[in-house]
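# Observations on the model geometry
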Amino acid sequence: MDEGQARTDAEVFDIAREPSMRPENFFVSNANRTAFELIADPESWPKRKLAIVGEACSGKTHLANIWAHRAGAKIVPARQLDSVEIRAMGDLPGVAVDDSDAVSGSGALEEALLRLHNVVAECGGHLLLTARAVPSRWNIALPDLKSRLAATYVVSLGKPDDELLEALLIKHFSDRQIFVAQGTITYILNRIERSCQAVQSVVAALDKLSLGRGRPLTRAVASELLSEAGQSGLA
């Protein structure tokens, strides 16, 4: 590789747009069907609370956005709970706390989530939590918060099947405004780890490397770039 090529590669940045969180961009499969049906019927949630649990990049935030849009609810990242006006949340139909297990180990965040539980319950709203682990496994110091979390109904997202992984590949490429032929999608899918996070990571890597080469993502280029990106399982 010559110096000019190296400089071009170094100047390529990840410029992906924010992922689309619209309902029509959510692919329903056996892995997420129960959660998708539950967010469409919040009145069925026991005690008006629901926790959606799943691996990284599995669609938890997308589901929360769909629900919040339909219900007129607000989404708050867990790490920002101590900087929002909790009492004002009571005026809303509901609140979704994204990455809720991030409150573990922080006294301020645990206190804020406890206050949010109380405010939402007092005002008759709905509370949606997303997390990677079930609430009973969070390292919570506050006994009152721990008991409220234990009483939260949990739905777990299953392992992604082939249909979901393919849909995610297409969606992540679409979010970056990249068209990839079906044959190339299948080729990539057969050569990456079977996880939602792996799909997101490989799309970012392929996008960056193809931009650096100034070449479209064909199957041949995908083979070359997957190898350079150090992806496992390449045939």
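The preceding data block contains the structure.
Residues numbered from 1 in each chain as written. Predicted model: local features only at pLDDT ≥ 70, side-chain atom pairs only at ≥ 80, totals over all residues. Heavy atoms only, no water.

### Here we look at the pattern of salt bridges
- Counting across every chain of the model gives six salt bridges.
- A salt bridge links Arg 48 to Glu 43; the nearest nitrogen and oxygen atoms lie 3.8 Å apart.
- Overall, the relative accessible area of 34% leaves Arg 48 in the partly exposed class.
- Glu 55 is paired through a salt bridge with Lys 159; the nearest N and O atoms lie 3.8 Å apart. Separated by 104 residues along the polypeptide, Glu 55 in the loop between strand E1 (49–53) and helix H3 (60–71) and Lys 159 in the loop between strand E5 (153–156) and helix H6 (162–175) bring together distant segments of the chain.
- With a relative accessible area of 69%, Lys 159 lands in the exposed category. (Salt bridge = Lys/Arg side-chain N within 4 Å of Asp/Glu carboxyl O. Buried < 20%, exposed > 50% of the residue type's maximum accessible area, 1.4 Å probe, protein only. Helix = DSSP H or I, 4+ residues; strand = E, 2+ residues; numbered from the N terminus.)

### Some thoughts on unusual backbone geometry
- Despite not being glycine, Lys 47 has its phi angle at roughly 60 degrees, a positive value.
- Its location among the elements puts Lys 47 in the loop between helix H2 (33–39) and E1.
- We note that Gln 177 has phi near 60 degrees; this positive angle belongs to a residue other than glycine.
- Tracing the chain through its elements places Gln 177 in the loop between H6 and helix H7 (182–189).

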